[in-house]
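Chain by chain, the residues run as shown.
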Amino acid sequence: MFLVVFRNRKRADIDSAAYARDAAAMEDLARRQPGFLAFKSYTAEDGEVVALSEWADEAAARAWGRQAEHARVQGEGRDRYYHSYTLFACDSPRIHEFENKEASS
């Protein structure tokens with residue numbers, strides 16, 4: 001598995017409707033890419049967003065980064081949406097899991 005963590009802060013003057021449209025379109029497009037495994041996004045109380053995407057391998061994640069429509073929208077993000085962002089990527093992250101099988105659901 002190849003993990004990509006995208007931490008970002010939006011600009012104060014963001015066009016929220018345009019951002020929401022682009023974000024939904026990019027999530028839909030990513031889900032159709034070879035090697036896509038999962039995507040989730042979380043917003044902290046201070047407005048920072050952490051988006052996690054999981055890919056089968058580094059090649060699949062890099063192909064997504066080079067996908068033409070995604071690359072175009074990345075430019076839009078830098079120009080119109082983001083105040084700042086940091087992207088973290090790692091191959092074969094160390095994974096620890098726990099599940100309490102006796103806990104009620």
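Please read all numbers here as calculations on a predicted model, not as lab measurements.

Student: I tried to follow the pattern of salt bridges on my own but got confused; where do I start?
Tutor: One side chain can pair with another of opposite charge once the charged atoms of both are near each other. By the definition in use, this model includes 9 salt bridges. We note a salt bridge from R80 to E76, for which the minimum N-O separation is 2.5 Å. Residue R80 and its partner E76 are located together in helix α3 (residues 68-81), separated by 4 residues, close to a single helical turn.

Student: Mind showing me how you'd approach the side chain of S53 here?
Tutor: Its place among the elements puts S53 in strand β3 (residues 49-55). By relative accessible area, which is 11% here, S53 ends up buried. Side-chain polar atoms of S53 contact the side chain of W55, separated by 3.0 Å. Apart from the residues within four sequence positions on either side, S53 is in contact with F2, L3, V4, A38 and F39.

Student: Is there a simple way to think about the nonpolar core in this case?
Tutor: In globular proteins that are soluble, nonpolar side chains generally tend to be buried together. By size, the foremost hydrophobic cluster in this structure holds 11 residues: F2, V4, M26, L29, A30, F36, W55, A60, A61, W64 and V73. Of all elements in the fold, only β1 (2-10), α1 (16-31) and α2 (58-66) reach the threshold of two or more residues within this core. With residues up to four places along the chain from it excluded, the contact list for M26 reads W64, E69, H70 and V73. F6, A18, A51 and Y81 belong to the second largest nonpolar core, which has 5 residues in total.

Student: Just to check I follow, could you spell out the layout of surface pockets for this structure?
Tutor: Take a probe with the size of a water molecule and roll it over the atoms, and the empty space left behind shows itself. Empty space within the largest pocket amounts to approximately 900 Å³. Lining the largest pocket are 35 residues, and of these F6, W64, H70, Q74 and L87 lie nearest its centre. At the level of elements, β1, α1, β2 (36-43), β3, α2, α3 and β4 (82-91) are the ones that each hand at least two residues to the lining of the largest pocket. In terms of residues, the lining of the largest pocket owes the most to one element, α1, which gives 7 residues. Taken together, the residues that form the lining of the largest pocket break down as 23 nonpolar, 7 polar and 5 charged.

Rules behind the numbers
- Residues numbered from 1 in each chain as written.
- Predicted model: local features only at pLDDT ≥ 70, side-chain atom pairs only at ≥ 80, totals over all residues.
- Heavy atoms only, no water.
- Salt bridge = Lys/Arg side-chain N within 4 Å of Asp/Glu carboxyl O.
- Helix = DSSP H or I, 4+ residues; strand = E, 2+ residues; numbered from the N terminus.
- Buried < 20%, exposed > 50% of the residue type's maximum accessible area, 1.4 Å probe, protein only.
- Polar contact = N/O pair within 3.5 Å; in protein donor to acceptor, adjacent residues only side chain to side chain.
- Contact = heavy atoms within 4.5 Å.
- Core = buried A, V, L, I, M, F, W, Y, C linked by side-chain atoms within 4.5 Å.
- 1 Å grid on protein atoms, 1.4 Å probe; cavity = no way out; pocket = protein on both sides within 12 Å on 5 of 7 lines; lining within 4 Å.
- Points joined across faces, edges and corners; volume = space filled by probe spheres on them.
- Nonpolar A, V, L, I, M, F, W, Y, C, P; charged D, E, K, R; others polar.

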